[in-house]
Structures are given as structure tokens and as C-alpha cells.
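Each chain, letter by letter, is given below.
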Amino acid sequence: MPDVKLPLPVARVVLHPMFRVILNKRLPFAVQRALMNLSAPAQGAPRGIHVERVRLGGRPSERVTLGPATDTATVLYLHGGGYTVGSPATHRPLAGYLARETGCAIQVLDYRLAPEHPFPAALDDAEAAFLELVAFGYQPERIAVAGDSAGGGLSLALALRLRDKHGMTPAALGLIAPWGDPNEVPARTRDLVINKPWSRACAAAYLGDGDGSDTGYAPMLGDLHGLPPTYVQADKSELLHDQCTRLVAKLRAAGVETRFTETEGLWHVSQLQASLVAPAAAITRELGEFLRQALRPAQTRSIG
């Protein structure tokens with residue numbers, strides 16, 4: 001469908017009731033998932049998107065391309081949704097835009113969700129997917145890892161596991177409002193997208209019987225030294241903004257090359273509405289450019 005750019009106030013009025021209905025802790029997670037998948041097409045997608053259903057690390061996945069794609073670099077994308085909802089279908093438009101900006105295939109993993117599959121199932125799936133991409137012939141430094149919200153936290157946890165367990169470092173991390181520590185209780189009740197009761201229910205469902213101090217669950221608590229160049233974006237109005245600000249400070253203190261973009265007037269993971277809102281499209285292009293630069297051959301790479 002063609003892009004239809006809505007004024008920010010109009011977009012907020014349209015989206016706010018939708019998120020209030022879907023992300024409701026009183027609804028079973030299975031119902032939330034179904035509603036999210038049904039509403040996903042309304043977000044639009046770039047023209048010419050090609051979706052190939054594949055398996056990656058033993059899990060269903062989508063390989064999203066837009067035009068000719070390089071076969072020497074790729075992006076592993078880990079979708080958000082509080083570890084309880086979300087799918088490749090809900091994030092297909094965003095994957096399409098990143099495919100256009102990077103010139104690479106975007107591999108969107110359908111990792112297992114809580115509460116049916118609590119921690120560390122999602123992290124195990126992400127690890128298996130990355131290792132299978134390496135087995136396919138991609139060099140670790142030619143695989144970028146990106147994700148939003150819970151998927152951003154999962155991306156960070158994956159980078160720590162790859163470093164500590166396999167001695168591997170991805171090309172870059174692209175983190176959209178990453179949920180780096182699900183133990184934290186938000187100070188406010190809600191933003192346009194997320195509300196505190198829902199996020200606490202998601203955190204408990206994902207933790208299960210696990211240990212909240214485990215850095216696989218809360219990677220923000222871990223040692224961040226040795227991570228690749230990292231992009232972080234958060235809007236000043238969202239519940240995760242303060243956590244993202246602290247994560248950026250911790251990354252920089254650990255010597256990680258970090259780019260932090262703070263927007264104002266958008267909302268949590270507004271990149272999903274890039275087809276509808278011009279400023280959301282702009283920050284999606286920014287992330288795509290960051291990943292594209294990181295995935296260039298080393299002799300031509302320059303990340304600003």
C-alpha cells in the first residue's frame with residue numbers, strides 16, 4: 001500500500017485506543033497475539049517487499065528483502081512485544097524498510113514466547129539463529145543484530161552470550177527502545193503504547209522460575225565491555241526512556257561506540273508506523289543507515 005503520512009496528533013489519536021485495547025493484562029496473551037497480527041497490515045509496508053518463509057535455528061522465520069540484496073551480509077531482527085506477543089508478521093513493515101535502507105536481507109526470527117516458553121527460551125532461539133547464519137557462511141562481523149523493546153533487550157543479551165560463550169562479536173547492535181532490565185518498575189503508569197500493569201505481567205511471564213539477576217534476562221546488569229558499535233533510540237515520552245539513557249551511559253563507560261537518538265513527540269517503537277508518520281520514517285532510515293555502514297567491508301566502514 002502507498003505511504004499515507006498522518007500528522008503526529010492524528011496518528012496519536014488513532015493509535016492510542018488501539019494499544020489500550022490490545023496490550024491489556026486482562027486479555028489472555030493468545031488473544032493479544034491474534035489482535036496484533038490482525039491489525040498489523042494497517043501499518044502499511046514499503047512497495048516491493050518480498051517475504052520468504054524459512055527456518056532459522058530450528059524456528060520459523062521470515063527473510064525479508066526489498067530489491068537485490070547482498071549475500072555477504074545480513075541482519076538478524078528480534079521483534080518486540082514483552083517476550084509474550086509479537087511475530088514476524090507484526091514487524092514485517094519495519095523489516096521491509098530496514099531491507100531497503102541496508103540492502104541486506106532482514107532475518108526476522110519467530111522465537112518462542114512466554115508464558116508457554118519462559119526465559120531462557122527466547123535467548124536460546126536467538127543464539128541458535130545467529131549460529132546457523134554463521135554456519136550458512138556469514139562471518140559474525142557481517143551479521144548485525146537489531147530489535148525493538150523486548151527484542152532490543154534480547155539483542156543485547158544475545159551479544160553478551162555470543163561474546164562470553166562463543167567468542168563472537170556481531171557487526172553492530174541496533175536497539176529501538178531496548179528493555180534491558182525487566183526487573184525495573186516504571187515510575188509512570190503508561191505512555192501512548194505501554195502500560196505498567198501489562199509490562200509487569202510480561203516481565204513475570206518471561207522470568208518464570210528464573211533468576212532476575214541473570215544477565216541473560218536483564219542484560220543491562222551485565223559487563224558491556226567488548227560489544228560492537230551500538231545504536232539506541234528512545235522517545236522522551238516513553239516509559240523506557242530513563243532506562244535507555246542509563247544503558248547508553250553504561251555502554252559509553254564500557255568503551256562501546258554508541259549512538260543515541262532521543263526523539264520528542266513520537267512513541268514507543270514508532271518505527272512500526274514508518275509508512276504512516278514521516279518522523280517515524282526518518283528515524284527508521286537513520287537506523288537503517290547505521291546498520292548499512294556497520295555491514296560495509298572493514299576497509300570502507302565508517303560509523304559516525
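The structure contained in this document is the topic of the report that follows.

1. Quick look at the packing of aromatic side chains
- One pass over the structure, following the stated rule, counts 6 aromatic pairs.
- Relative to Tyr217, the ring of Phe119 lies with its centre 6.0 Å away and its plane at 70°, an arrangement referred to as edge-to-face. A residue pair is termed long-range when its members are at least 10 positions apart, and Phe119 in the loop between β4 (104-109) and α4 (121-136) and Tyr217 in the loop between α6 (196-207) and β7 (230-235) qualify at 98 residues.
- The buried category is assigned to Tyr217, whose relative accessible area is 2%.
- Measuring from centroid to centroid gives 5.6 Å for Tyr206 and Tyr217, while their planes differ by 25°, and the two rings are stacked. Placement of the pair is Tyr206 in helix α6 and Tyr217 in the loop between α6 and β7, with a sequence separation of 11 residues.
- According to the relative accessible area criterion, Tyr206 is buried, its value standing at 1%.
- Put simply, the rings of Tyr83, Phe119, Trp179, Tyr206 and Tyr217 touch in pairs and so form one group of aromatic residues.

2. Focus: the side chain of Thr284
- In this structure, Thr284 sits in helix α8 (residues 278-294).
- Only 2.7 Å separates the side chain of Thr284 from the backbone oxygen of Ala280, close enough to count as a polar contact.
- Leaving out residues up to four positions away in the same chain, Thr284 has contacts with Leu94, Tyr97, Leu98, Gln271 and Ala274.

3. Side note on α6
- Spanning 12 residues, α6 covers 16 Å between terminal C-alpha atoms, matching the ideal 16 Å at 1.5 Å per step.
- Those residues of α6 lying buried are Trp198, Ser199, Cys202, Ala203, Ala205, Tyr206 and Leu207.
- Looking at the buried side of α6, the elements it contacts are α2 (29-39), α4 and α5 (150-166).
- In this structure Asn195 caps α6, since a side-chain oxygen of it lies 2.9 Å from the backbone nitrogen of Trp198.
- One or two positions beyond α6, positive phi appears at Gly208, with a value near 60°.

4. Section: the nonpolar core
- Counting residues in hydrophobic clusters, the biggest one holds 69 residues, and the most contacted among them are Leu76, Leu78, Leu154 and Leu158.
- Of all hydrophobic cores here, the second largest spans 25 residues; its members include Ala95, Leu98, Cys104 and Ala146.

5. Some points on helix α1 (residues 8-22)
- Compared with the 21 Å implied by 1.5 Å per residue over 15 residues, the 21 Å span of α1 between its first and last C-alpha is a close match.
- Those residues of α1 that sit buried are Ala11, Leu15, Phe19 and Ile22.
- On the buried face of α1, the contacting elements are α2.

6. Brief notes about the pattern of salt bridges
- Inspection of every chain in the model, using the stated rule, returns 14 salt bridges.
- Here Arg246 and Glu184 are joined by a salt bridge, their closest N and O atoms 2.4 Å apart. With a gap of 62 residues between them, Arg246 in helix α7 (residues 241-253) and Glu184 in the loop between β6 (173-176) and α6 connect regions that are remote in the sequence.
- Across the salt bridge formed by Arg292 and Glu289, the nearest N and O atoms sit 2.6 Å from each other. Of this pair, Arg292 and Glu289 both sit in helix α8, 3 residues apart, which is roughly one turn of that helix.

7. Some details on the sheet that holds strand β2 (residues 59-66)
- Ordered in space as β1-β2-β4-β3-β5-β6-β7-β8, the 8 strands form an open sheet in which the pairing is mixed. Whereas interior strands pair on both sides, the edge strands pair on one side only; in this sheet they are β1 (49-56) and β8 (258-263). The sheet shows a mean angle of 20° between the axes of neighbouring strands, taken without regard to direction.
- Helix α3 (residues 92-102) contacts β1, β2, β3 (70-78), β4 and β6 of the sheet and is inclined by roughly 50° relative to β2.
- Strands in contact with α7 are β7 and β8; relative to β8, the strand with the most contacts, it is inclined by about 160°.

8. Notes on the layout of surface pockets
- Each pocket or cavity is described by its volume, and for the largest pocket that value is around 440 Å³.
- Taken together, 31 residues line the largest pocket, and the ones lying closest to its centre are Met18, Phe19, Gln43, Leu272 and Gln273.
- Residue assignment for the lining of the largest pocket shows that the elements contributing at least two residues are α1 and α2.
- Counted by class, the lining of the largest pocket contains 20 nonpolar, 10 polar and 1 charged residues.
- Of the volumes computed, that of the second largest pocket is approximately 360 Å³.
- Among the secondary structure elements, those contributing two or more residues to the lining of the second largest pocket are α6 and α7.
- Residues that form the lining of the second largest pocket fall into these classes: 8 nonpolar, 6 polar and 8 charged.

Criteria and thresholds
Residues numbered from 1 in each chain as written. Predicted model: local features only at pLDDT ≥ 70, side-chain atom pairs only at ≥ 80, totals over all residues. Heavy atoms only, no water. Phe/Tyr/Trp six-rings, centres within 6.5 Å; stacked < 30°, edge-to-face > 60°. Helix = DSSP H or I, 4+ residues; strand = E, 2+ residues; numbered from the N terminus. Buried < 20%, exposed > 50% of the residue type's maximum accessible area, 1.4 Å probe, protein only. Polar contact = N/O pair within 3.5 Å; in protein donor to acceptor, adjacent residues only side chain to side chain. Contact = heavy atoms within 4.5 Å. Expected span 1.5 Å × (residues − 1). Core = buried A, V, L, I, M, F, W, Y, C linked by side-chain atoms within 4.5 Å. Salt bridge = Lys/Arg side-chain N within 4 Å of Asp/Glu carboxyl O. Pairing = 2+ DSSP bridges. Axes fitted to C-alpha atoms, helices over the stretch in contact; angles between N-to-C directions. 1 Å grid on protein atoms, 1.4 Å probe; cavity = no way out; pocket = protein on both sides within 12 Å on 5 of 7 lines; lining within 4 Å. Points joined across faces, edges and corners; volume = space filled by probe spheres on them. Nonpolar A, V, L, I, M, F, W, Y, C, P; charged D, E, K, R; others polar.

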